[in-house]
Amino acid sequence: MLNIAIIEDNPVHMEHLQNLLPDVIDETFTVSSFSSCSAFTKTLEEESGQFDIAFMDIELGEESGIHAAESAVKICPGLQIIYISQYLDYISSVYETKHLYFIYKPELDKYLKQAVDKAISVIHDLKSQVLEVSWNKEKFRILEKDIMYLERMLRTTVIYTPAKSYRSSSKISDLLPKLKDTFVQCQQSFVVNLNFVSSFQAKQLYLTNGKEIPISRRYRNSVMQELNRFFSI
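Owing to the predicted nature of the structure, the values given are computational and were not obtained by experimental measurement.

S.K.: Now, about the overall build of the protein: what can you tell me, with residues and values included?
M.R.: A tally of helices and strands in the protein yields 6 helices and 17 strands. Over its C-alpha trace the protein gives a radius of gyration of 19 Å, about what one expects of a compact globule, namely 17 Å for 233 residues. Principal axes of the C-alpha set define a box for the protein whose edges measure 60 × 40 × 25 Å. Going through the 233 residues of the protein one by one, you find that 45% of them count as buried. Nonlocal contacts in the protein, meaning residues at least 24 apart in sequence, comprise 53% of its contacts between residues at least 6 apart.

Right, dumping it as structure tokens:
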């Protein structure tokens, strides 16, 4: 099931988008509506990873949908942002943040299906990227997009997601090759998903949940190269 959020302060535009969605989505979905960016962000913080797609109006009174989207993807990296606006002046501004699509509201009927199909394709791809681990004869399949970081503790590797943590006897050196290139080793005992990095310094990574991860001298150059590559995309 797809979980969709609509952040729109115009009731007429909100209703129009809600009415169009059943015609362009073939699978089951739920829609949650927000009239402000702050209400949407608060919900994301309380229930991290709840939404798959967010239709984000750019101008919501004194609030900026672009700033809200920037915060949202830090909380929920797998969230697909589709900007909607009645002002074409924002076409350049939206590229300040990661997003999937921009739709000019007068052309919503024309481009909505194309945007939604692209989002669903990305979502299905993300959901197919799974790390399989076992612990005490129990097997777990963890979505890679949900993994914040891995930490090796003695003979156990702990895999942290926003919702819970998992344990595995596999070494980090065995798990890292199974993960995509957004995962980098920054210390002998730590591997971090760059999607969850909010800021960094030469010796430290700061994650979106406030966790601080050390960068050792051995890995410093490679980590900085990957950070520069990732944040310049």
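More follows now that the structure is in view.
S.K.: Describe the side chain of Thr182, and please don't skip the residues or the numbers.
M.R.: Along the chain, Thr182 turns up in the loop between helix H5 (172-175) and strand E13 (183-187). The class of Thr182 is buried, set by a relative accessible area of 10%. Within polar-contact distance, the side chain of Thr182 engages the side chain of Asn193 at 3.3 Å. In this structure, Thr182 is in contact with Val192, Asn193, Leu194, Asn195 and Phe230, ignoring residues within four places of it in sequence.

Rules used throughout
Residues numbered from 1 in each chain as written. Predicted model: local features only at pLDDT ≥ 70, side-chain atom pairs only at ≥ 80, totals over all residues. Heavy atoms only, no water. Helix = DSSP H or I, 4+ residues; strand = E, 2+ residues; numbered from the N terminus. Rg over C-alpha atoms; globule rule 2.2 N^0.38 Å. Buried < 20%, exposed > 50% of the residue type's maximum accessible area, 1.4 Å probe, protein only. Contact = heavy atoms within 4.5 Å. Polar contact = N/O pair within 3.5 Å; in protein donor to acceptor, adjacent residues only side chain to side chain.

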